[in-house]
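A look at the structure
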Amino acid sequence: MKIALDAMGHDEGPAKLVEGAALALGEFADIRTLFLTGDTPQIEAELERIGCNDGRVKIVHTTQVIEMHDSGIDAVRRKKDSSVSRAVDLVKSGDADAIVSAGNTGAAVTAATIKLRTLEGIERPAIAATMPTEHGGHVLLCDAGANPDPTPQQIEDNAIMALAYCRHVLGEKNPRAGLLSNGTEEFKGNTLTLAAHALLKECGVNFHGNVEGHDLFDGTVDVVVADGFTGNIVLKTSESLAKAMFRLLKGELMKTPIRKAGAMLCKPAFRAVHAVTNADEYGGMPLLGVNGVCIIAHGGSSAIAVKNAIRMAVRSIHHQVNPHIVGEVKRCHAATAGVAGA
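Values in this document were obtained by computation on a predicted structure and should not be read as measured data.

1. A short note on the pairing of strand β6 (residues 138-142)
Within β6, four of the five residues are buried, leaving the element largely enclosed by the surrounding structure. For strand β5 (residues 126-132) and β6, the ladder comprises five bridges, and the chain directions are antiparallel. Bridge assignment links Thr130 to a residue of β6, and that residue is Leu140. Hairpin connection of β5 to β6: five residues between the antiparallel strands, including Gly136 at a positive phi of 95 degrees. In this structure, β6 lies alongside strand β9 (residues 223-225), joined through three bridges in parallel fashion. Of the residues in β9, the one forming a bridge with Leu141 is Val224.

The following block contains the structure:
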């Protein structure tokens, strides 16, 4: 398989991206070609620094970089030779099977949507974020930031796509979806939530009903759907809370010799919990609904996170979830045609 990595899309430049690429090449033998799009001298300098001379690396030189503060659609239009745009072009032309980007999320989503187009029946793509539950499982949050102002129909599509991803990529046999709201009762929520609830009840998916924020981590459902504005806030708040809890715990455990001794005994448990709550272990998030594989990673990703984002791309290519999404969308849209028009 062939993967395109946006090698300039990082808060700190290409160093961590190139390091992560080298780690991925050492771990995933299925990768035949790893394109690194970006400034050739900078990329070559980083490859030399880490001693990577893998023949599967192909550098695609670009002259522009989309900054984090750039508007997504304006940047895609003005910076046609940016590293993210050229990476998406490789997927569009068939030279690559997937793109991985830790750069400007709006630009990556916009470039993938404009250049690759959305799947049949899908109006807007959505980002799916995997989050841990307290029982050792996972919940998929969708949308985590691609579409901040969706329609009720697009919320329904988020559920359809995320459930298909759960079944065909994550291996859940009969996943359930919940709609994020401010109460579990059917009449709770804003106008968008109430309209989306009506569609989800009728579309034929395994719909649990409304879920609240504290339901995310107890395994009540396998998929939580929300608009991209709310979902992104939930994701970032959850990640920062996990980091804050570990810092608070470490501070308390280091206060006395007895606590330090106890902490040493519990170190394996702390490491295990850190592993499942560390965003680096998940690497990236699939952009569902585009006609190709697109993985979105954090702008401050470590080399391990970049490697795991590439792992997610490898996994997504293997499972080919898009045909399943198209089939489910057609079936569910037919079931809710009357409700949507009411």
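2. Focus: helix α12 (residues 322-335)
Here α12 contains 14 residues, and its C-alpha end-to-end distance of 20 Å stays within 8% of the 20 Å for a straight helix at 1.5 Å per residue. Where α12 is buried, its residues contact α6 (152-168).

3. Notes on a nonpolar patch on the surface
Residues Leu241, Met245 and Leu248 make up a contiguous nonpolar surface patch of about 320 Å² in total accessible area. Topologically, Leu241 is positioned in helix α8 (residues 228-253).

4. Topic: the packing of α6 against α12
α12 packs onto α6 with a crossing angle of 135 degrees between their chain directions and a minimal axis gap of 9 Å. In terms of orientation, α6 lies oblique with respect to α12. For the pair α6 and α12, the sense of crossing is right-handed. Counting all contacts with α6, which are made through Gln153, Glu156, Asp157, Ile160, Met161, Ala164, Arg167 and His168, the residues of α12 involved are His324, Ile325, Glu328, Val329, Cys332 and His333. Split by residue class, the contact of α6 with α12 holds six nonpolar, four polar and four charged.

5. Some words on the nonpolar core
Among the nonpolar cores identified, the biggest contains 61 residues, and Ile3, Leu5, Leu34, Leu36 and Ile310 are the most heavily contacted of them. Here the element with the most residues in this core is α6; it accounts for nine residues. In this structure Leu34 touches Ile3, Leu5, Ala21, Leu25, Arg56, Val57, Lys58 and Ile310, once residues within four positions along its chain are discounted. Among the nonpolar cores identified, the runner-up in size contains 39 residues, and Val60, Val88, Met131 and Ala146 belong to it.

6. Overview of the sheet that holds strand β7 (residues 177-180)
One open sheet holds the 11 strands; their spatial order is β3-β2-β1-β4-β11-β10-β5-β6-β9-β7-β8, and the pairing between them is mixed. Taken across any chain shown, the strands that pair with only one partner, and hence form the sheet edges, are β3 (57-61) and β8 (207-211). Each strand of the sheet is rotated relative to its neighbour by a mean of 25 degrees, with strand direction disregarded. Pairing between strand β1 (residues 2-6) and strand β2 (residues 33-38): five bridges, direction parallel. Each bridged residue has a counterpart across the sheet, and for Lys2 the counterpart in β2 is Thr33.

About the cut-offs
Residues numbered from 1 in each chain as written. Predicted model: local features only at pLDDT ≥ 70, side-chain atom pairs only at ≥ 80, totals over all residues. Heavy atoms only, no water. Buried < 20%, exposed > 50% of the residue type's maximum accessible area, 1.4 Å probe, protein only. Helix = DSSP H or I, 4+ residues; strand = E, 2+ residues; numbered from the N terminus. Pairing = 2+ DSSP bridges. Expected span 1.5 Å × (residues − 1). Contact = heavy atoms within 4.5 Å. Patch = residues over 30% accessible without salt bridge, like charges linked within 9 Å, V, L, I, M, F, W, Y side chains within 5 Å. Areas by Shrake-Rupley, 256 points an atom, 1.4 Å probe, with all protein chains shown as cover. Salt bridge = Lys/Arg side-chain N within 4 Å of Asp/Glu carboxyl O. Axes fitted to C-alpha atoms, helices over the stretch in contact; angles between N-to-C directions. Parallel < 35°, antiparallel > 145°, perpendicular 65-115°, else oblique. Left-handed = near helix turned anticlockwise from the far one by under 90°. Nonpolar A, V, L, I, M, F, W, Y, C, P; charged D, E, K, R; others polar. Core = buried A, V, L, I, M, F, W, Y, C linked by side-chain atoms within 4.5 Å.

Functional significance is not addressed by these values, which are geometric in nature.
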